[in-house]
Amino acid sequence: MSTCVKHAYCEFFFDLITFLSVFIGTPGVGKSTLSKELAEKSGLEWLEVGKLATENCCFEEYDSLYQCPVLDEDKLLDLMEDKMTGGGKIVDYHSCEFFPERWFDIVFILRTDNTTLYDRLVSRGYSGKKLEDNIQCEIFQTILEEAQRSYKPEIVHELQSNTPQEMFANLCKISEFVEGWRQSTSG
Ligand SMILES: Nc1ncnc2c1ncn2[C@@H]1O[C@H](COP(=O)(O)OP(=O)(O)O)[C@@H](O)[C@H]1O
């Protein structure tokens, strides 16, 4: 059983050795921040897909419009396959459509209010089209709809991530979702 105190960290008592989850959402919604907290709390390994792609040169070309490299998805998936079969991971990326459905037990989509997200992205140095497109992505719920198309509805969970209090509350919610998953798979 998990314990849950409002705005406090929750306990992850259960064995998560086979558990696989993914955090997705528009850049700046807080995926890395929450993944890191959850990894420290639960003992799950935090897999930063962007970092993994950079370290292993999983890129095809550079997109000058969006000022970012274009991902070589096949190369990245090949690289991740071995890591994912082991279980016990939290995957963190802005998109999920190209990941095999079988990889994840739970999919979390983080959401942030537009004005808050705008400020976070400006602080990160985003401007022009890159800034506008990312804000529109959040307004039009692009990532949420992508997750809903790609995974069974019962494993897709939307979490608001505007304040530190919400982040800690999300740890409690995640603990409860994971407990539900554990009970449903324990037979
Ligand atoms: N729930 C939150 N409340 C307040 N600030 C947050 C929250 N989540 C993230 N942040 C801040 O927003 C910025 C972007 O967070 P980050 O985790 O890097 O986003 P992402 O990984 O989705 O791009 C960071 O400065 C982080 O400290």
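Residues numbered from 1 in each chain as written. Predicted model: local features only at pLDDT ≥ 70, side-chain atom pairs only at ≥ 80, totals over all residues. Heavy atoms only, no water.

Per an unreviewed UniProt entry, the protein goes by the name Adenylate kinase isoenzyme 6 homolog and belongs to Dryococelus australis. Comment text from UniProt for the protein, heading Subunit (unreviewed entry), reads "Monomer and homodimer. Interacts with small ribosomal subunit protein uS11. Not a structural component of 43S pre-ribosomes, but transiently interacts with them by binding to uS11." Within the UniProt record for the protein, the comment given under Sequence similarities (unreviewed entry) is "Belongs to the adenylate kinase family. AK6 subfamily." (UniProt positions renumbered as here; feature names shortened; annotations may be inferred.)

Q: What is the right way to read the overall build of the protein from this model?
A: Helix and strand counts for the protein stand at 7 helices and 7 strands. Listed N to C, the secondary structure of the protein is β-α-β-α-β-β-α-β-β-α-α-α-β-α in terms of helices and strands. Taking 16 Å as the expected radius of gyration for a compact globule of 187 residues, we find that the protein reaches 16 Å, a close match to that expectation. Referenced to the eigenvectors of the C-alpha coordinate spread, the extents of the protein come out at roughly 50 × 35 × 30 Å. Within the protein, the proportion of its 187 residues that are buried is 46%. Restricting the contact set of the protein to residue pairs at least 6 apart, pairs at least 24 apart contribute 73%. Of the roughly 9800 Å² that the protein leaves accessible, carbon and sulfur atoms contribute 50%. If you average the places of the 18 positive and of the 32 negative side-chain charges in the protein, the two averages end up 4 Å apart. (Helix = DSSP H or I, 4+ residues; strand = E, 2+ residues; numbered from the N terminus. Rg over C-alpha atoms; globule rule 2.2 N^0.38 Å. Buried < 20%, exposed > 50% of the residue type's maximum accessible area, 1.4 Å probe, protein only. Contact = heavy atoms within 4.5 Å. Areas by Shrake-Rupley, 256 points an atom, 1.4 Å probe, with all protein chains shown as cover. Lys, Arg positive; Asp, Glu negative; His and termini not counted. Charge placed at Lys NZ, Arg CZ, Asp CG, Glu CD.)

Q: Would you explain the environment of Glu45 in this entry?
A: As for its position among the elements, Glu45 is in strand β2 (residues 45–48). Taking the C-alpha atoms as reference points, Glu45 and Ser35, 10 residues apart in sequence, are found 9.1 Å from one another. Look past the residues within four positions of Glu45 in its chain and what remains in contact with it is Gly88, Lys89 and Ile90.

Q: Teacher, can you tell me more about the sheet that holds strand β5 (residues 89–92) here?
A: One key point about sheets: their strands pair by backbone hydrogen bonds, in either a parallel or an antiparallel sense. Read across the sheet, 5 strands follow the order β2-β5-β1-β6-β7 without closing on themselves; strand pairing throughout is parallel. Two strands close off the open sheet at either side, each with one partner strand: β2 and β7 (156–160). Going across the sheet, the axis of each strand differs from the next one's by a mean of 25 degrees, ignoring polarity. Where helix α6 (residues 142–150) meets the sheet, it contacts β1 (20–24), β6 (106–111) and β7, and its direction lies at approximately 165 degrees from that of β6. (Pairing = 2+ DSSP bridges. Axes fitted to C-alpha atoms, helices over the stretch in contact; angles between N-to-C directions.)

Q: It is not clear to me how the site of the ligand should be interpreted in this structure. Could you clarify?
A: Around the ligand, a shell composed of 15 residues is seen, among which Gly28, Lys31, Ser32, Thr33 and Arg124 lie nearest. Pro164 places a polar main-chain atom, nitrogen or oxygen, 3.2 Å from a nitrogen atom of the ligand. Coverage of the ligand by the protein chains reaches 71% of its 560 Å² of free accessible surface. At a threshold of 2 Å from the grid points, most atoms of the ligand map onto the largest pocket. Where the shell around the ligand is concerned, the elements lending two or more residues are α1 (31–42) and α7 (164–185). (Near = heavy atom within 4 Å. Polar contact = N/O pair within 3.5 Å; in protein donor to acceptor, adjacent residues only side chain to side chain. 1 Å grid on protein atoms, 1.4 Å probe; cavity = no way out; pocket = protein on both sides within 12 Å on 5 of 7 lines; lining within 4 Å. Sits in = over half its atoms within 2 Å of the grid points.)

Q: So what exactly am I meant to see when it comes to a negative patch on the surface here?
A: Together, Glu60, Glu61, Glu73, Asp74 and Asp78 make up a negatively charged patch on the protein surface. Contributions of two or more residues to the negative patch are made by β3 (59–63) and α3 (73–85). Element by element, the count of residues in the negative patch is highest for α3, at 3 residues. Along the polypeptide, Asp78 turns up in helix α3. (Patch = residues over 30% accessible without salt bridge, like charges linked within 9 Å, V, L, I, M, F, W, Y side chains within 5 Å. Salt bridge = Lys/Arg side-chain N within 4 Å of Asp/Glu carboxyl O.)

Q: Would you take a moment to explain the layout of surface pockets for this structure?
A: Where empty space is left in the structure can be found by rolling a water-sized probe over the atoms. Computed from the structure, the largest pocket encloses a volume of approximately 1300 Å³. As for the largest pocket, its lining consists of 42 residues, and the residues nearest its centre are Pro27, Tyr93, His94, Tyr126 and Asn134. Elements with a minimum of two residues in the lining of the largest pocket: α1, α2 (49–55), β3, β4 (68–71), α5 (128–139), α6 and α7. A total of 5 residues in the lining of the largest pocket trace back to one element, the largest contributor, which is α2. When grouped by side-chain class, the residues that make up the lining of the largest pocket number 17 nonpolar, 13 polar and 12 charged. (Points joined across faces, edges and corners; volume = space filled by probe spheres on them. Nonpolar A, V, L, I, M, F, W, Y, C, P; charged D, E, K, R; others polar.)

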